[in-house]
Structure formats: C-alpha cells, structure tokens
Amino acid sequence: MTALKAVTAPPARRRMVTVAALAAAAGIALTGCSAGQHTQTSSQAAAINGNHASVGDIALRNVHIVYPEATAEHAKGGKAVIALSIINSSETVTDELTSVSTDLGQIKITGPAGDTKFVLKPQQTVVVGPAAAKPAAADDHHAAPTTTVAPTTTSAAPTSAAGDTPSIDPAKNPATIEITTLATDIVPGLTYNVTFNFKDAGTVQVAVPVDAAAVERVENEKSGPAPAGAGGH
C-alpha cells in the first residue's frame, strides 16, 4: 500500500501544476485583450435623443434642436433649427401643420419641397431638418446652387400628387422649422417647450431637447493610445 501511494502521488501533483499553469495563461490572455480595449472608445458622441409625441393621427418622432455649426447661432438674438419626422398615419385624411410656437422666439415654417403650406398627406412621412441648400453650396459658393435646388421642388410635386409614401425625397429637400431672433441663449442638453398646431389632429406640446456637441475623449498616460501591435478584440 505504501509503495502504491508513492507511485500514484506524483501524477496527481502534476495535474495540479498543469491546472495552475493553464489558469495563469488565461489570466495573461485576458490582460492582453483589455490592454487595447480603450481604443474602441476614443471618440464619444453626445447621448442626446429626440423626444416623441402624438396627437390624433399625427406622430412626431425624434424631435430635437440641431446643434449649430457655430455656437454663436444659439446665443440670444440668433437662430435655431428644429429637426424631427412627422408621420400622418391616417389612410384618408390630409392634415396640415398650421403653426409652431415657443417662448424661444418667432418661428418660420417651410413645407415639404419648399411649399408655403406644410401639408401632410395620408400615410405620409415628412422629414424636417436643416435646409438642403447647404450641401449644394459646398460645391459652389456662388448663387448658382440656389437655382439648382428649384427643380427639386418642381419634380417633387408630381410625386406628391401620385399619393406615394413618402411623397418627397427628405435627403434632397426637407421641410424646415426655424426659430429666429432667439429671446434667450439655448443651452445644449436642456429642453424647451415647443407647441405644434395641426389643422385636423389638434395641438401638442413637446419638451424639445438640444443636441450636445460631440465630445473628444481626453487621453493621458493611463487612457492614451494602445502600444503598437496591441489591438482590440
């Protein structure tokens, strides 16, 4: 019995040593993976989401005030742009956004495709956002791009008459809602009450948040770039 124990004891110890070695190797692997993990969060976007509201057959989605290219635009006396999607879920009734009001200042409304009336046809989704003339101006800084946008308004009209959904190309020529002559500074991250009035559906008030600027991640000796060759998993 004593001799048998002497023979079988070393394999047991060898198994224990093997398990310990595997555990140590796993720990090293996990450490290697986490070493480059911070490279995946080097840029952080603002966590501000738009608000939502509904009244009758009208739904407002992702309602927010767009963060301006120049922060001075949101100072008192400046301007601000409201962005959202407006959905008319009715299958038969055409509605119209007649006005928008807020204590922030006066509001100028332009309908889809530059129309003076903000009409919402049945089963139509209208995207509201910054004026689409801006991308065209990036290619040519003269007055010509403004003339180029006009045909888009003309071509959008027949599509609307056909009753298709959506009736316009939102990327080319969205509707616009602009607050002018701001009565106070607009602060990113806060919300401001805005009232939307529809001809058929009625009135709804929305607490509209302001986009926050994109934040660059601050790096130091602890959170700086990973060493060469260290990648994320």
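I will try to describe carefully the structure that is included in this document. Predicted, not measured: the structure shown is a model, and the values here were computed from it.

This next bit is on the sheet that holds strand β11 (residues 202-209). Across the sheet, 4 strands lie side by side as β7-β5-β10-β11; this open sheet has antiparallel pairing. Looking at strand neighbours, the two that pair on one side only are β7 (118-120) and β11, the edges of this open sheet. Averaged over all adjacent pairs, the angle separating strand axes in this sheet is 35°, with direction ignored. Bridge count for strand β5 (residues 95-102) against β7 is 3 bridges, and the pairing is antiparallel. Bridge pairing in β7 links E96 to V119.

Let us now look at the environment of P112. Topologically, P112 is positioned in the loop between β6 (106-110) and β7. Considering only alpha carbons, one finds P112 and N173, 61 residues apart in sequence, at a separation of 7.0 Å.

Backbone geometry at A113 places phi at a positive 60°, although glycine is not the residue there. The topology assignment puts A113 in the loop between β6 and β7. For A113, a relative accessible area of 9% gives the class buried. For T181, which is not a glycine, the phi torsion comes out positive at approximately 50°. Structurally, T181 can be placed in the loop between β9 (176-180) and β10 (191-198).

Before going further, it helps to examine the nonpolar core. Of all hydrophobic cores here, the largest spans 31 residues; its most connected members are L60, I65, L84, I86, F196 and F198. Those residues within four positions of I86 in sequence are excluded, and the remaining contacts are I58, A59, L60, L97, F118, L120, Q124, T125, V126, V128 and F198.

Right, let's get into the side chain of T195. Here T195 lies in strand β10. Residue classification places T195 among the buried residues on the basis of a relative accessible area of 15%. Only 3.5 Å separates the side chain of T195 from the side chain of Q205, close enough to count as a polar contact.

One can find N88 in strand β4 (residues 80-88). Assessed through its relative accessible area of 2%, N88 is described here as buried. Between the C-alpha atoms of N88 and L60, which are 28 residues apart in sequence, the distance is 9.2 Å. Setting aside its immediate chain neighbours within four residues, N88 contacts D57, I58, V93, T94, D95, L120, K121, P122, Q123 and Q124. In this structure the side chain of N88 is engaged in a polar contact, spanning 3.2 Å, whose partner is the backbone nitrogen of S90. In this structure the side chain of N88 is engaged in a polar contact, spanning 2.9 Å, whose partner is the backbone oxygen of L120.

Counting buried residues in strand β3 (residues 58-65) gives 6 out of 8 residues, a clear majority hidden from the surface. Direction of pairing for strand β2 (residues 51-55) relative to β3: antiparallel, over a ladder of 4 bridges. Note that in β3 the partner of V55 across the bridge is I58. Counted along the chain from β2 to the antiparallel partner β3, the turn is 2 residues long, and its residue G56 has a positive phi close to 60°. The sheet contact formed by β3 and β4 spans 6 bridges and is antiparallel. Bridge pairing links I65 to I82 in β4.

This part takes up the pairing of β11. Regular strands show a simple pattern: their side chains alternate between the two faces of the sheet. The pairing of β10 with β11 spans 8 bridges and is antiparallel. Bridged to N197 within β11 is T203. Connecting β10 to the antiparallel partner β11 that follows it, the hairpin turn spans 3 residues.

Conventions we followed
- Throughout this document, residue positions are counted from 1 along each chain, in the order its sequence is written.
- The predicted nature of this model means local features are confined to residues of pLDDT at least 70 and side-chain atom pairs, given and counted, to a pLDDT of 80 or more, with totals for whole chains, interfaces and linings taken over all residues.
- As a convention, hydrogens and water are excluded, and side-chain values are obtained from all of the structure's heavy atoms.
- In short, DSSP must find at least two bridges between two strands for them to pair.
- Secondary structure follows DSSP: runs of H or I at least 4 residues long count as helices, runs of E at least 2 residues long count as strands, and numbering of each begins at the N terminus.
- Geometry is summarised by axes, namely lines fitted to C-alpha atoms with helices restricted to the contacting stretch, and by angles between N-to-C directions that run from 0 to 180 degrees.
- Classification of residues uses two cut-offs on accessible area relative to the type maximum, computed with a 1.4 Å probe and protein chains only: under 20% is buried, over 50% is exposed, and between them is partly exposed.
- Joining through side-chain atoms within 4.5 Å is the link that ties buried Ala, Val, Leu, Ile, Met, Phe, Trp, Tyr and Cys residues into a set, and such a set is a nonpolar core.
- Working rule for contacts: check all heavy atoms of both residues, and any pair within 4.5 Å makes them a contact.
- Think of a polar contact as two N or O atoms within 3.5 Å of one another; within protein, one of them needs to be a possible hydrogen donor and the other a possible acceptor, and neighboring residues in sequence only count if both atoms come from side chains.

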